[in-house]
Amino acid sequence: MSLVELPTTAVPPARRRLAGRGLPLLRGTGLVGHLCAIVLLGALLVAVFGAAIAPHDPDLTNLSFAFVGRFQDHYLGFDSQGRDLLSRLLAGARTSILGPLVVVLLSMLFGTVLAIATAWKGGRFDTIVSAALDVLFAFPAIVLAIIASVVIEPGLKAASLALSVAYTPYIARVLRSAALRERSRDYIAALEVQGLRAWVICVRHLGRNMLPIIVAQGTILFGYAMVDLAAISFLGLGVQPPQADWGVMVATGQSGVLQGYPMESLCAGLCIVVVVIAVNLLGERLSDRSTLVTR
Amino acid sequence: MSAADGRLLDVASLAVQLPVGGELRTVLHDVSFHIGPGEALGLVGESGSGKSMTARAIARLLPAGAVTTGTISYAGGDVTALKGAALRSYRAEVAMVFQDPRAHINPVRRIGDFMTEALRTNHGVSKADAVARAIGLLAEVGIADGQRRLEQHPHELSGGLLQRVMIASALLTEPRLLLADEPTTALDVTTQADVMAILDDLRRERGMALLFITHDLELASAVCDRTAVMYAGQLVEQRTSSQLHDDPLHPYTAGLVGARPRIDGDVTRLAAIPGRPRSAYEAPAGCAFADRCEHVEDACGEARPPLEPIEDGFVRCRRATELRGMLRAGGRHG
Ligand SMILES: Nc1ncnc2c1ncn2[C@@H]1O[C@H](COP(=O)(O)OP(=O)(O)OP(=O)(O)O)[C@@H](O)[C@H]1O
Ligand SMILES: [Mg+2]
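Residues numbered from 1 in each chain as written. Chains lettered and ligands numbered in written order. Predicted model: local features only at pLDDT ≥ 70, side-chain atom pairs only at ≥ 80, totals over all residues. Heavy atoms only, no water.

Notes on the overall build of chain B
At step 1: Secondary structure assignment for chain B yields 11 helices and 14 strands.
At step 2: Compactness check: chain B gives a C-alpha radius of gyration of 21 Å against a globular reference of 20 Å for 334 residues, within 12% of the reference.
At step 3: Principal axes of the C-alpha set define a box for chain B whose edges measure 65 × 50 × 40 Å.
At step 4: A burial count over chain B gives 52% of its 334 residues as buried.
At step 5: Within chain B, residue pairs in contact and separated by at least 24 positions form 66% of the contacts whose partners lie at least 6 positions apart.
At step 6: Within the structure as shown, chain B displays about 14000 Å² of accessible surface, and the carbon and sulfur contribution to it stands at 51%. (Helix = DSSP H or I, 4+ residues; strand = E, 2+ residues; numbered from the N terminus. Rg over C-alpha atoms; globule rule 2.2 N^0.38 Å. Buried < 20%, exposed > 50% of the residue type's maximum accessible area, 1.4 Å probe, protein only. Contact = heavy atoms within 4.5 Å. Areas by Shrake-Rupley, 256 points an atom, 1.4 Å probe, with all protein chains shown as cover.)

What follows is the structure, given as structure tokens:
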């Protein structure tokens, strides 16, 4: 009698992870994916309710407390203006997270529409639009942000708009090849023969079946948008001080760093890094999953 | 040409070129046939002969960059020029059944969505009516539990069931012309016979015209009034099905008839055509079949023979009249 019964149908680990348990939206992203999602959910809650749960007024200055460390219920101490650091981090989450969110939504919308339209129409339309996008692609996001801050006024609106435009060619290019692949699939031809309108096929079938890739790309883009927006704020072209914002805080914390009080820059930087890492890890997993699903 | 002369679909001198690696490659060359209302035409040929391309040209599904010459007219109107609303209303009258049902149904949508979407968005049928009609047609193609099937996804159905769904869905909008591109090739033999019988019954019942594509000449003869044979992107012969089968005029047709295993008395014989099939772009300059034909003469290689009318159809062979009667099914001469 054998001591060990070998399992006859061993599921390879990769398959198990894919088929895996988990929330429907995150299925197949593994433990890391779920942890990242929890971090991001927390960040989103802070973005919405941060200002309300801040223990102190984030804009109340008291120069006699400048650079004072942990003190009573001021857990992270004070910044160069003597404002409560924790409250500023909580309040600053709103622009720091909703800004990139707007950028992602806008550029994904523009990019997806352009990708599907060029893939569907092909021919001269495709050539012209792709060429125009290539030209746009050559402009660095920062240059567009400078132009926007001159044309509009420096602020979150101009910065988000500039980034949305700057990212659109990138998204359109990535999604166009996915749309082309989907367009050439036989079920699309079958729908065409049924006499359905092109936009009906594009929205209800082609676009919908590309959703996994769209979500994955959007997630990865969020990280870039966050870092770029912070950089733009750092340069003074984004969110304007004294409004609390992580990017602005990294910038205004500079003077403290030089004087040996790095808390403000460090904390704000850490917040950015944590959110960006979480969103990138999740995005990578979603995108792995989407390529496996669409094969 | 108009509908008045009894033709629903008229394809004349159709030629199609497709872009391959920067240059145009001929895939169809001089294809001509017509189908009357309620009539069934078989289109037979080996793999790569251009059967699917012909159907795709008629359905306006050619790949981007395709160059089409010749005419395709439907009910008197030019199909190749249609666009927008006119193209959609043409497509509402012409339905297509594809060879591989699994690839041709959106895998993430339910069967019900697939079957009712066109009815609801194009024909203004209410959801309840569309569902009722779908269930009715599923019953006609032999799927009794239609209600349940409509809720399922394609991966939950077998190939045979899916092909029936495809046929039911094609018939749902009551088309006047059905393009069936090897509708049974992906199915196992018993299912093939079932599906074919269903298709044939429904067609006769509804007086629907049919272009039936297959590589099985026997099957085409059984289902169709007339049969056309394609070789290397051209039509080589088109006759009434029984004549084509019993008295083939083109050596290639004769080879096709002979290529089927037949049981004649006590011998089982498989007379294959020597050589491999040619695509249109690699066919020889004169007669496309010249390099595989056992009746070839020097003159055959000089000019491409035209499609010549004979009493019950057309044939594209210089020696057709001369060889008549010598090309009995499966016969090898030498
Ligand atoms: N997208 C394409 N681009 C270029 N050439 C193509 C393309 N699709 C098919 N062809 C060529 O067109 C020719 C005709 O193909 P078609 O699919 O019509 O053949 P068929 O008669 O339907 O064959 P089968 O019985 O295998 O379905 C073939 O030589 C094929 O290589
Ligand atoms: Mg084919």
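From this point, things continue past the structure.
Focus: the interface of chain A and chain B
At step 1: With 17 residues of chain A at the contact, the number on the chain B side is 22 residues.
At step 2: For the pair chain A and chain B, the summed buried area comes to about 1800 Å², and 52% of that belongs to carbon and sulfur atoms.
At step 3: For chain A, the biggest contributors to the area lost against chain B are Asp186(A), Val193(A) and Gln194(A); these three give 32% of the whole.
At step 4: Remark: the boundary between chain A and chain B carries 1 salt bridge.
At step 5: A salt bridge links Arg204(A) to Glu117(B); the shortest N-O distance between them is 2.7 Å.
At step 6: Our count for the chain A to chain B interface comes out at 8 residue pairs in polar contact (both at pLDDT 80 or more).
At step 7: Of all the secondary structure elements, the ones that give two or more residues to the side of chain A that touches chain B are helix H7 (186-193) and helix H8 (198-209) of chain A.
At step 8: In terms of residue count, H7(A) provides more of the side of chain A that touches chain B than any other element does, 7 residues in total. (Buried area = accessible area lost by both parts, 1.4 Å probe. Salt bridge = Lys/Arg side-chain N within 4 Å of Asp/Glu carboxyl O. Polar contact = N/O pair within 3.5 Å; in protein donor to acceptor, adjacent residues only side chain to side chain.)

Some thoughts on helix H3 (residues 85-121) of chain A
Residues and elements named next belong to chain A.
At step 1: For H3, spanning 37 residues, the distance from its first C-alpha to its last is 53 Å, which sits close to the expected 54 Å at 1.5 Å a residue.
At step 2: Considering bend angle alone, the principal kink of H3 is centred on Gly92 and spans about 35°.
At step 3: One or two steps after H3, the chain reaches Gly122, where phi turns positive at roughly 60°. (Expected span 1.5 Å × (residues − 1). Bend = angle between axes of the 7 residues up to and from the residue.)

Concerning the packing of aromatic side chains
Where two aromatic rings form a pair, the distance of their centres and the angle of their planes describe that pair.
Residue and element names in this part refer to chain B.
At step 1: The final tally for this structure, using the stated rule, is 4 aromatic pairs over all chains.
At step 2: Where Tyr231 meets Phe289, the ring centres are 5.1 Å apart and the plane angle is 80°; that geometry is what we call edge-to-face. Taken together, the positions of Tyr231 in strand S9 (residues 226-231) and Phe289 in the loop between strand S12 (267-269) and strand S13 (308-310) put the pair 58 residues apart, joining distant regions of the chain. Across this residue pair, the class does not change: Tyr231 and Phe289 are buried. (Phe/Tyr/Trp six-rings, centres within 6.5 Å; stacked < 30°, edge-to-face > 60°.)

Some remarks on the domain arrangement of chain B
Residues and elements named next belong to chain B.
At step 1: Taken domain by domain, chain B consists of domain 1 (3-224) and domain 2 (230-331).
At step 2: For domain 1 versus domain 2, the distance between C-alpha centres works out to 28 Å.
At step 3: Between domain 1 and domain 2, roughly 2000 Å² of surface is buried when both sides are summed, and carbon and sulfur atoms account for 55% of that area.
At step 4: Ranking the residues of domain 1 by area buried against domain 2 places His29, Glu46 and Leu217 at the top, with a combined share of 30%.
At step 5: As a salt-bridge pair, Glu46 and Arg292 come within 3.4 Å of each other at their nearest N and O atoms.
At step 6: For the pair domain 1 and domain 2, the number of links is 10 residue pairs in polar contact (both at pLDDT 80 or more).
At step 7: Top element by residues in the side of domain 1 that touches domain 2 is strand S2 (residues 23-35). It accounts for 9 residues.
At step 8: Residue composition of the side of domain 1 that touches domain 2, grouped by class: 10 nonpolar, 10 polar and 6 charged. (Domains from an automatic or database assignment. Nonpolar A, V, L, I, M, F, W, Y, C, P; charged D, E, K, R; others polar.)

Considering the site of ligand 1
All names here are of chain B.
At step 1: In the region of ligand 1, 14 residues are neighbours, and Ser47, Gly48, Lys51, Ser52 and Met53 sit closest.
At step 2: One nitrogen or oxygen atom from the main chain of Gly48 is found 2.8 Å from an oxygen atom belonging to ligand 1.
At step 3: Here an oxygen atom of ligand 1 sits 3.0 Å away from a polar atom, N or O, in the main chain of Gly50.
At step 4: Taken together, the elements giving at least two residues each to the shell around ligand 1 come down to strand S1 (9-20) and helix H1 (51-59).
At step 5: By residue number, the principal contributor to the shell around ligand 1 is H1, which donates 3 residues.
At step 6: When grouped by side-chain class, the residues that make up the shell around ligand 1 number 5 nonpolar, 6 polar and 3 charged. (Near = heavy atom within 4 Å.)

Quick notes on the sheet that holds strand S7 (residues 177-181) of chain B
Residue and element names in this part refer to chain B.
At step 1: Reading across from one edge, S6-S7-S8-S3-S9-S10-S14-S13 is the order of the 8 strands in this open sheet, with mixed pairing throughout. Either end of the sheet is taken by a strand with one partner, and the two such strands are strand S6 (94-97) and S13. The average undirected angle you get between the axes of adjacent strands in this sheet is 25°.
At step 2: In this structure, S6 lies alongside S7, joined through 4 bridges in parallel fashion. Across the sheet, the residue bridging to Val97 is Ala180, located in S7.
At step 3: Set on the sheet, helix H2 (residues 84-93) makes contact with S6 and S7; between it and S6 the angle comes to about 60°.
At step 4: Sitting on the sheet, helix H6 (residues 159-172) is in contact with S6 and S7, with an inclination near 175° to S6. (Pairing = 2+ DSSP bridges. Axes fitted to C-alpha atoms, helices over the stretch in contact; angles between N-to-C directions.)

Describing the pairing of S9(B)
All names here are of chain B.
At step 1: By the criterion of burial, S9 is predominantly enclosed, with 6 of the 6 residues buried.
At step 2: With burial as the criterion, each face of S9 is covered, one bearing Arg226, Ala228 and Met230 and the other bearing Thr227, Val229 and Tyr231.
At step 3: As judged from the 4 bridges shared by strand S3 (residues 40-44) and S9, these two strands associate in the parallel manner. In the strand pairing of S9, Val44 is matched with Val229.
At step 4: In this sheet, strand S10 (residues 234-240) lies alongside S9 in antiparallel orientation, the contact comprising 6 bridges. Considered in S10, the bridge of Arg226 is made with Thr240.
At step 5: Hairpin connection of S9 to S10: 2 residues between the antiparallel strands, including Ala232 at a positive phi of 50°.

Topic: the sheet that holds strand S5 (residues 77-78) of chain B
All names here are of chain B.
At step 1: Judged by pairing direction, the sheet is antiparallel, and its 4 strands sit side by side in the order S2-S1-S4-S5 without closing on themselves. Edge positions in the open sheet fall to S2 and S5, since each of these has one partner strand only.
At step 2: Sheet topology places strand S4 (residues 67-74) next to S5; 2 bridges connect them, and they run antiparallel. Bridge pairing links Tyr74 to Gly77 in S5.
At step 3: Lying on the sheet, H1 is in contact with S1, S2 and S4; it crosses S2 at an angle near 75°.

Comments concerning the pattern of salt bridges
All names here are of chain B.
At step 1: Tallying each qualifying case throughout the model produces 27 salt bridges over all chains.
At step 2: Notably, a salt bridge pairs Glu237 with Arg239, separated by 2.7 Å at the nearest N-O pair.
At step 3: Note on Glu237: relative accessible area 0%, which makes it buried.
At step 4: Across the salt bridge formed by Asp247 and Arg324, the nearest N and O atoms sit 3.1 Å from each other.

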